[in-house]
Amino acid sequence: MPLIIREYTGFLVSKPSVAEQYFPKFLYRKGVDNCKDYLMTPAIQQKCWALNDPNYYSLLDNKYLFERFCNQHQISIHPSIAQSYNSLVLIDNRVLQINSPEEFLGVIELLTAKLVASEFIFIKKMHGSGGGSNIFKVSFSSLKRDKVELEKVYNAVIRSDFIFQEQLQQHEAINRLNPYCVNTLRIETFTNRHKVSRIMSGNIRIGLNKAHVDNVSKGGAFVGIDMEKGVLREEAFSDFTHGRGKTHRVHPETGLLFRDYPLPYFKEIVSLVESAASITPGLRIIGWDVAITDKGPVLIEANEQPSLMFAEIGQKGMIKNPVFMEMYNEVTGKY
């Protein structure tokens, strides 16, 4: 504690930007000796996000529009099996009207017949499902059995727009990390002023407590990826609000060690996100959510305001990252 007080006070005087990051980025912990490698503050993050043109936000915000855009450019993406707009449901070339929980259950029964590898369907709000909110995991059998849950999901669906997707089957190597949910990679890309798109950083999000989503805001954690080697770094971080700032070197449920754990299809992952970034108009900083299946990586969604704070925590400082520094120098006017 005396060392923390002395160090933090010193940064308040000599380098306030580091003091601002000292606690949120775990710089107070034993063994951290590179505090000055951390550059991303909330104010600078806002400047970075300002590189994106808001006129193109809907391309990523609207999940079905994003799916159509990716399909148009032969970018691999996890497909939807239906879309709904309030009480109207689009399945293949049909438009169905649902006016009751029982009719909604009939739609789920129809969609279940389309499933290939799972009995479960994820229902996600077409826009505004960030952080794992507005997402339901259902099956025909579970909704038929649980009338209260059926009514809850039905009432949510008819009040907004949703997409329906079969539960994705992730690669066995990712299942060994955590089999209780799909654990997605969040990879940030930066497209410079010369229109060259490169990967800046990456984390894998790990579900905890057997949750069906991996979001940090739902109690999950994230592990930095060594983007040169395609392996995990040694430590998973949770946030202070939803995970009490805990860190883990092994997964609490599976006991698997994170350090140097290899990611399958890593070259294909790099190619997928850099290709997608290079053809996405108006958006220079994007956080790509990627799932890894036995057949390779697929995009799940993308974010025009990715957390560069989490990115830097996972990478343990960005000052030695040339892609990050190119972006940082541009937004801070240090060219």
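Our subject is the structure listed above.
Residues numbered from 1 in each chain as written. Predicted model: local features only at pLDDT ≥ 70, side-chain atom pairs only at ≥ 80, totals over all residues. Heavy atoms only, no water.

Trainee: Account for the pairing of strand 3 (residues 94–97), naming residues and giving values.
Mentor: On a regular strand, one side chain projects to one face of the sheet and the next to the other, so that they alternate. In this structure, strand 2 (residues 88–91) lies alongside strand 3, joined through four bridges in antiparallel fashion. Across the sheet, valine 89 pairs through a bridge with leucine 96, a residue of strand 3. Counting the residues in the hairpin turn of strand 2 and strand 3 gives two residues, including aspartate 92, whose phi is positive at 55°. (Pairing = 2+ DSSP bridges. Helix = DSSP H or I, 4+ residues; strand = E, 2+ residues; numbered from the N terminus.)

Trainee: Describe the pattern of salt bridges, naming the residues involved and giving the relevant values.
Mentor: This structure, assessed with the given rule, holds eleven salt bridges. In this structure, the salt-bridge partner of lysine 320 is aspartate 37, at a minimum N-O distance of 3.2 Å. Taken together, the residues span a long stretch of sequence, with lysine 320 in the loop between helix 11 (308–315) and helix 12 (322–331) and aspartate 37 in the loop between helix 2 (16–21) and helix 3 (42–49) at a distance of 283 residues. Through salt bridges with shared partners, a single ionic network connects Arg29, Glu234, Glu235 and Lys316. (Salt bridge = Lys/Arg side-chain N within 4 Å of Asp/Glu carboxyl O.)

Trainee: So what's going on with helix 11? Which residues, and what values?
Mentor: For helix 11, the tally of buried residues reaches seven of eight residues, placing the bulk of the element in the interior. Looking one or two residues beyond helix 11, the residue adopting positive phi is lysine 316, at roughly 60°. (Buried < 20%, exposed > 50% of the residue type's maximum accessible area, 1.4 Å probe, protein only.)

Trainee: Now, about the sheet that holds strand 8 (residues 197–206): what can you tell me, with residues and values included?
Mentor: Here seven strands make up an open sheet; going across it, the order is 11-10-9-8-7-12-13 and the pairing antiparallel. Of all the strands in the sheet, just strand 11 (247–248) and strand 13 (296–303) have a single pairing partner and so form its edges. Pairing of strand 9 (residues 221–226) with strand 10 (residues 231–237), which is carried by four bridges, proceeds in the antiparallel orientation. Considered in strand 10, the bridge of isoleucine 225 is made with leucine 232.

Trainee: Go over the sheet that holds strand 3, please, and point to the residues and values.
Mentor: Read across the sheet, six strands follow the order 3-2-1-6-4-5 without closing on themselves; strand pairing throughout is antiparallel. Looking at the sheet topology across the chains shown, the edges are occupied by strand 3 and strand 5 (135–139). On average, adjacent strands in this sheet sit at an angle of 25° to one another, irrespective of strand direction. (Axes fitted to C-alpha atoms, helices over the stretch in contact; angles between N-to-C directions.)

Trainee: Explain the pairing of strand 12 (residues 285–293) residue by residue, including any values.
Mentor: In terms of burial, strand 12 is largely enclosed, as nine of its nine residues are buried. Residues Ile285, Gly287, Asp289, Ala291 and Thr293 line one face of strand 12 and the alternating positions Ile286, Trp288, Val290 and Ile292 line the opposite face, and both faces are buried. Taken together, the six bridges between strand 7 (residues 185–191) and strand 12 define a ladder with antiparallel strand orientation. Across the sheet, residue glutamate 188 finds its bridge partner in strand 12, namely glycine 287. Here strand 12 runs beside strand 13; their pairing, made up of seven bridges, is antiparallel. Residue pairing for strand 13: alanine 291 is matched across the bridge by valine 298. Two successive antiparallel strands, strand 12 and strand 13, enclose a turn made up of two residues.

Trainee: Help me get a handle on the side chain of glutamine 21, residues and values and all.
Mentor: Tracing the sequence through the fold places glutamine 21 in helix 2. Aside from chain neighbours lying at most four places away, what touches glutamine 21 is Leu27, Tyr38, Leu39, Met40, Thr41 and Glu312. (Contact = heavy atoms within 4.5 Å.)

Trainee: Go over unusual backbone geometry with me, naming the residues and quoting the values.
Mentor: Unusually for a residue other than glycine, glutamine 74 sits at a positive phi of about 55°. Residue placement: glutamine 74 occurs in the loop between helix 5 (63–72) and strand 1 (82–85). Residue class for glutamine 74 comes out exposed when judged on its relative accessible area of 70%.

Trainee: Tell me about a nonpolar patch on the surface, residues and numbers included.
Mentor: Nonpolar side chains collect at one region of the surface, where Tyr85, Leu88 and Val95 lie side by side and expose about 250 Å² of accessible area between them. Note on placement: leucine 88 falls in strand 2. (Patch = residues over 30% accessible without salt bridge, like charges linked within 9 Å, V, L, I, M, F, W, Y side chains within 5 Å. Areas by Shrake-Rupley, 256 points an atom, 1.4 Å probe, with all protein chains shown as cover.)

Trainee: Got a sec to walk through the packing of aromatic side chains? Specific residues and values, please.
Mentor: Inspection of every chain in the model, using the stated rule, returns twelve aromatic pairs. With a centroid separation of 6.3 Å and an interplanar angle of 35°, the aromatic rings of phenylalanine 66 and tryptophan 288 are classed as tilted. Here tryptophan 288 lies in strand 12 and phenylalanine 66 lies in helix 5, a separation of 222 residues in the sequence. Summarising the burial analysis for this pair, phenylalanine 66 and tryptophan 288 share the class buried. These aromatic residues form a ring-pair network of at least three members: Tyr8, Phe11, Tyr22, Phe23 and Tyr28. One cation-aromatic arrangement involves lysine 137 over phenylalanine 120; the distance from NZ or CZ to the ring centre is 4.6 Å. (Phe/Tyr/Trp six-rings, centres within 6.5 Å; stacked < 30°, edge-to-face > 60°. Lys NZ or Arg CZ within 6 Å of the ring centre and 35° of its normal.)

Trainee: Any chance you could break down the environment of alanine 211 for me, citing the residues and the numbers?
Mentor: Considering the arrangement of structural elements, one finds alanine 211 in the loop between strand 8 and strand 9. Sequence separation of alanine 211 and leucine 27 is 184 residues, and the distance between their C-alpha atoms is 28 Å. Each residue touching alanine 211, except ones within four places of it in the same chain, is listed here: Tyr180 and Cys181.

Trainee: A description of the packing of helix 3 against helix 12 should follow, citing residues and the corresponding values.
Mentor: At a minimum axis separation of 9 Å, helix 3 and helix 12 run at an interaxial angle of 90°. Relative to helix 12, helix 3 is oriented roughly perpendicular. Within the contact between the two elements, helix 3 uses Ile44, Lys47 and Cys48 and helix 12 uses Met327, Tyr328 and Val331. Tallied by class, residues from the contact of helix 3 with helix 12 come to five nonpolar, no polar and one charged. (Parallel < 35°, antiparallel > 145°, perpendicular 65-115°, else oblique. Nonpolar A, V, L, I, M, F, W, Y, C, P; charged D, E, K, R; others polar.)

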